[in-house]
Each structure stands twice: as structure tokens, then as C-alpha cells.
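Take a look at the letters that make up each chain.
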Amino acid sequence: MIKFRLAHLGLAMAALGFTAATPVVGLSTAYAAEAVRAEIGGPLQAAQKMMQAGRAKDALNELRKLDSKNPTANEQYLIERVRAAAASTAGDYDTAARSFEKLIDSGKLSASERANFSEGLIGIYMRAKEFGKANAAIQKSLKDRDDPKLRAYLIQNYMSMGNTAEATRLLKADLAAYDKSGRTPPEEPLQMMANLQNKSGDKAGYVETIEKLAAHHPKSSYWADLLNRIVSKPGFADRLRVDVARLQLANNLLKKPSEYMELAQLVLRDGAPAEAVKIVEKGYKAGILGVGADAPRHQRLKDLADKSLADFNKNIATTEAALQTAADKDGLVSLGYGMVQAGQAEKGLAMMEKAIAAGGLKRPDDAKLRLGEAYAAAGQKAKAITALKSVGGKDGTAELARYWIMAINHPMA
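Calculation notes
- Residues numbered from 1 in each chain as written.
- Predicted model: local features only at pLDDT ≥ 70, side-chain atom pairs only at ≥ 80, totals over all residues.
- Heavy atoms only, no water.
- Helix = DSSP H or I, 4+ residues; strand = E, 2+ residues; numbered from the N terminus.
- Rg over C-alpha atoms; globule rule 2.2 N^0.38 Å.
- Buried < 20%, exposed > 50% of the residue type's maximum accessible area, 1.4 Å probe, protein only.
- Areas by Shrake-Rupley, 256 points an atom, 1.4 Å probe, with all protein chains shown as cover.
- Lys, Arg positive; Asp, Glu negative; His and termini not counted.
- Charge placed at Lys NZ, Arg CZ, Asp CG, Glu CD.
- Polar contact = N/O pair within 3.5 Å; in protein donor to acceptor, adjacent residues only side chain to side chain.
- Contact = heavy atoms within 4.5 Å.
- Arc of directions from axis to C-beta.
- Phe/Tyr/Trp six-rings, centres within 6.5 Å; stacked < 30°, edge-to-face > 60°.
- Lys NZ or Arg CZ within 6 Å of the ring centre and 35° of its normal.
- Axes fitted to C-alpha atoms, helices over the stretch in contact; angles between N-to-C directions.
- Parallel < 35°, antiparallel > 145°, perpendicular 65-115°, else oblique.
- Left-handed = near helix turned anticlockwise from the far one by under 90°.
- Nonpolar A, V, L, I, M, F, W, Y, C, P; charged D, E, K, R; others polar.
- Salt bridge = Lys/Arg side-chain N within 4 Å of Asp/Glu carboxyl O.

Per an unreviewed UniProt entry, the chain goes by Tetratricopeptide repeat protein and derives from Massilia violaceinigra.

Asks: Explain the overall build of the chain to me, using residue names and the numbers behind them.
Replies: Scanning the chain from N- to C-terminus turns up 21 helices and two strands. In terms of overall dimensions, the chain is more spread out than a globule: its C-alpha atoms have a radius of gyration of 32 Å, far above the 22 Å expected for 413 residues. Taken along its principal axes, the extent of the C-alpha atoms in the chain is 105 × 45 × 35 Å. Per-residue burial over the chain gives 48% buried out of 413 residues. About 20,000 Å² of surface is accessible on the chain, with carbon and sulfur atoms providing 51% of the total. When the 59 basic and 47 acidic side-chain charges of the chain are each reduced to a single mean position, those positions are 2 Å apart.

Asks: So what's going on with the environment of L289? Residues and values would help.
Replies: Assignment of secondary structure puts L289 in the loop between α15 (273-285) and α16 (295-325). Remark: the alpha-carbon pair of L289 and P257, spanning 32 residues in sequence, is separated by 5.7 Å.

Asks: Describe the side chain of N135, naming the residues involved and giving the relevant values.
Replies: Among the structural elements, N135 can be located in helix α7 (residues 131-144). Within the structure, N135 has its side chain in polar contact with the side chain of N157 (distance 2.5 Å). Ignoring any residue separated from it by four or fewer positions in sequence, one finds N135 in contact with L154, N157, Y158 and M161.

Asks: Break down helix α20 (residues 381-389) for me, with residues and values.
Replies: By the burial criterion, the buried members of α20 are A384, I385, A387 and L388. Take α20 and look down its axis: the buried residues cluster within an arc of 165°, on one side only. More than 90 degrees from the buried face of α20, the exposed residues found are A382, T386 and K389. Tucked into the core, α20 has its buried residues touching α19 (364-377) and α21 (397-409).

Asks: For the packing of aromatic side chains, give the residues involved together with the corresponding values.
Replies: One pass over the full model with this rule turns up two aromatic pairs. Ring centres of W223 and Y403 lie 6.2 Å apart, and the angle between their planes is 90°; on these two criteria the pair is classed as edge-to-face. Placement of W223 in helix α12 (residues 220-232) and of Y403 in helix α21 is noted, with a sequence separation of 180 residues between them. Y403 carries the same exposure label as W223, and that label is buried. Note that K108 overlies the ring of Y77, its terminal NZ or CZ placed 5.9 Å from the centroid.

Asks: Provide a residue-level description of the packing of helix α6 (residues 111-127) against α7, including the pertinent values.
Replies: Remark: α6 packs on α7, axes separated minimally by 8 Å, with the N-to-C direction vectors making an angle of 160°. Viewed along their axes, α6 and α7 adopt a mutual orientation that is roughly antiparallel. In the packing of α6 onto α7, the handedness of the crossing is left-handed. Contact with α6, carried on its side by R114, S118, I122, Y125 and M126, involves F131, K133, A134, A137, I138, K140 and S141 of α7 and no other residues of that element. Here the contact of α6 with α7 is composed, by residue class, of seven nonpolar, two polar and three charged.

Asks: Summarise unusual backbone geometry; cite the residues concerned and give the values.
Replies: The phi angle of most residues is negative, glycine excepted, and most peptide bonds adopt the trans form. Phi at K129 takes a positive value of approximately 60°, unusual for a residue other than glycine. Mapped onto the elements, K129 comes out in the loop between α6 and α7. We classify K129 as exposed; its relative accessible area is 62%.

Asks: Tell me about the pattern of salt bridges, and name the residues and values.
Replies: Counted by the stated rule, this structure contains 30 salt bridges. A salt bridge links D67 to R83; the shortest N-O distance between them is 3.1 Å. Of this pair, D67 sits in the loop between α3 (56-64) and α4 (73-90) while R83 is found in helix α4, placing the two residues 16 residues apart along the sequence. Exposure remark for D67: the relative accessible area of 45% places this residue in the partly exposed category. When its relative accessible area of 7% is taken as the criterion, R83 is described as buried. Between E113 and R81 there is a salt bridge whose closest N-O contact spans 3.2 Å. Within this pair, whereas E113 is found in helix α6, its partner R81 is found in helix α4, the two being separated by 32 residues in sequence. Look at the salt bridges and you will find they share partners, linking D243, R246, E275, R370 and E373 into a network.

Asks: Requested: an account of the packing of helix α17 (residues 329-341) against helix α18 (residues 345-358), with residues and values cited.
Replies: Following both chains from N to C, one finds α17 and α18 inclined at 160°, their axes separated by 7 Å at the closest point. By the angle between their directions, the pair α17 and α18 is classed as roughly antiparallel. As α17 packs across α18, the resulting crossing turns out to be left-handed. Between α17 and α18, the residues in contact are K329, L332, V333, L335, G336, Y337, M339 and V340 and A345, K347, G348, L349, M351, M352, A355, I356 and A358, respectively. Counted by class, the contact of α17 with α18 contains 13 nonpolar, two polar and two charged residues.

Okay, structure coming up:
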């Protein structure tokens, strides 16, 4: 008899395609140090060297020679430790699963090791498309510990099986728990839910989930999806395209010269030349404007924005007096917004607030939306959110206000 010590075998197989890897498979010191017969120890050492040389299949063949040696319980445990590593590396999932099962049932694993090996076995079953066995293993592990990661595996398994109803039910329960506790839901289950809702044709549910993704995990893809959908939504008011474009600009979604030029022209039309100047300058800074065959057009727009701003600043007092005389509350809201963009935030915001409070506006929700945008432009986030929360309407104003709140609270990097 000899005292047999095997060095640790470091294995991390990507058993589950979306999050986890199987546990590190090696030989625990306590059991590896027990007496092992030479006829067992020699092939084990040889198999380990083959593993270290990247010859997993050869290691498996070497280990098969030990099956007829009547190994003791401890020797069998050591054999299965090495075999589990070799089979996992070689992609022999049937053999790996049997070794994992034997190790889990051996009674020789610590509690943490047992949990890790159980997770690894789940991954092997799923890789081998043994969905029934995977489900059983997951449910068994969940009885020991309610681990969100295990629940994610279960959901993924149901999705792989095509059982979208059960996957959706579990996802809704998990996401509802996050909402109830006030915790931020992770990105992955939200992505899975969006995928399921999209496939099932649940448009309203899909948009709601994408909103959560954009709010909690802001990415250009989520914002692009949301803003493209709101424009195509039945009943969306075409006049609000300027507000959609503002959100696109805030989330770095404008990529074409035509997009920058269109937005600059829209805000010039609406009486906000300072905003137009900022848009054009951003386009130039990004290298999108001022280049190519249309560079002269870009320059003409830049010159127009600069001249319009100069005229705006020169005529503010006269314009305000005329609007006050005509009791044109909508005009005063537009003028106040233009002033905020031009750097006169205090006076411009006060003008907008007073005009909205006086009533008589053609579209009160449009005015409140613009006020929220103005507060955001002035850097007054809390007041912007308060104003935006007051926006109603069914033609896109309410959604845009909600999206502005999301952009303010969770800006794109």
C-alpha cells in the first residue's frame, strides 16, 4: 500500500451556455491522502499527466483499465474525480454525468463541493439535452437552497425544451419579487422575458420589459427599440418626432448627418436656435457633420443656426412683449424653452411655469413635456422629473415623458 497524493486538476467547463461553469474538479486533500494501492495509483497518476498534456480521451482510456481492479470506496472516489474532469474536457457527457452522480452520492464531498458538483451535473444534462434529468437535478438542488442562479437554469431549461409557458410563469414570479422588494432586476432575466414575449406576440409586455431594460441597464439597442416602436405606435402624433429625436440625441443614437440636420431644423422651426447650435456643434465634434460631399450644406445650416441665435437674443424683449399682449400662452412656453437653451434658465423656466399655470394652452401635455425637457437641459433633475410625471396624453406624450425620466435617472454612459 502507498500514500497517494494527486495534484489539483483545474477544470472549468462552460456547461451552461449563458451563465455558469461547472465546478473546479480536483482531488480533495483529505481523501487523496488515504492509502491507495500501487496498481490503482500508477494509472491514476498517468491519467493525470495525460490530462495536463491535453490528452483527455487518452486519460479516459487509462482510467477504464481500473474498472476491473475492484477499487475500494476511497479509490473509486479518486478515480471518479479524475474521470469527471477527463470526460468533461473530452465532451463525453454521458461518462461525465455518471462520474458526477457517483461523486455526489459518495458522501465524501463537503457541502460547498456538493453544491458545486450538483450545479455542474445540471450543466452536463443540459448540454446533453437530457432535459428531464436536468429538471429533476435542478428541483433537487432547489430544495437544498433557493438560489436565483438555479432558478435561472430551470427557466433556461424550460426554454430549451420549448415549454415557454412554464418559463414565462417562472420569470414573471422572479421579476415580480424584484419589483415587490424594490431591488433592481438583473439584465439577464429581463432579456429572457423580452425574448419570450417577442416570440409569443405579447407586444405590450415586450415594450414594458424593454422599458425596464433601458431604465435599469441602459444600452443603445434598448433605447433604439423603444423609440422606433413609439413612432410606429397607432395614434402617435407626428408633431412629437422632435421630442423623439431629442431622446435619440441624449442617448447617442443619432449617427447620420441627415439625422442631425433634421433635428436642428426642427428646433429652429420651434424657436430654439440655441438648441440648434448645440446640435450642430455636437455633430461636428462627432465627425458626422462638416465632412463629405455635403459639408457645404452642413456649414450653411451652422451659419443659419448662429444667425438665428443672434436674432433671438436681440429680440427676446420685443418677442415677449408681443406674446404677452396677445395672451399667447403657447408662444410664451416656446419662448421660455428657447431662453433656457440660450442660457437664461431662471427667466425662461419662470416664463414657462407661469404660462402653463395660467391655462388656455392648445396642448397642455405638450407644454408640460417641454417644461420637463427644459428643466433637464438646465440641470435641474428633480424639478424635471416632477414636471414630467405630470404629463398625460394618449398620443405619445405620456410615454415620452416616462422615457425622459428613465434617461435622466439612468443616462447612457
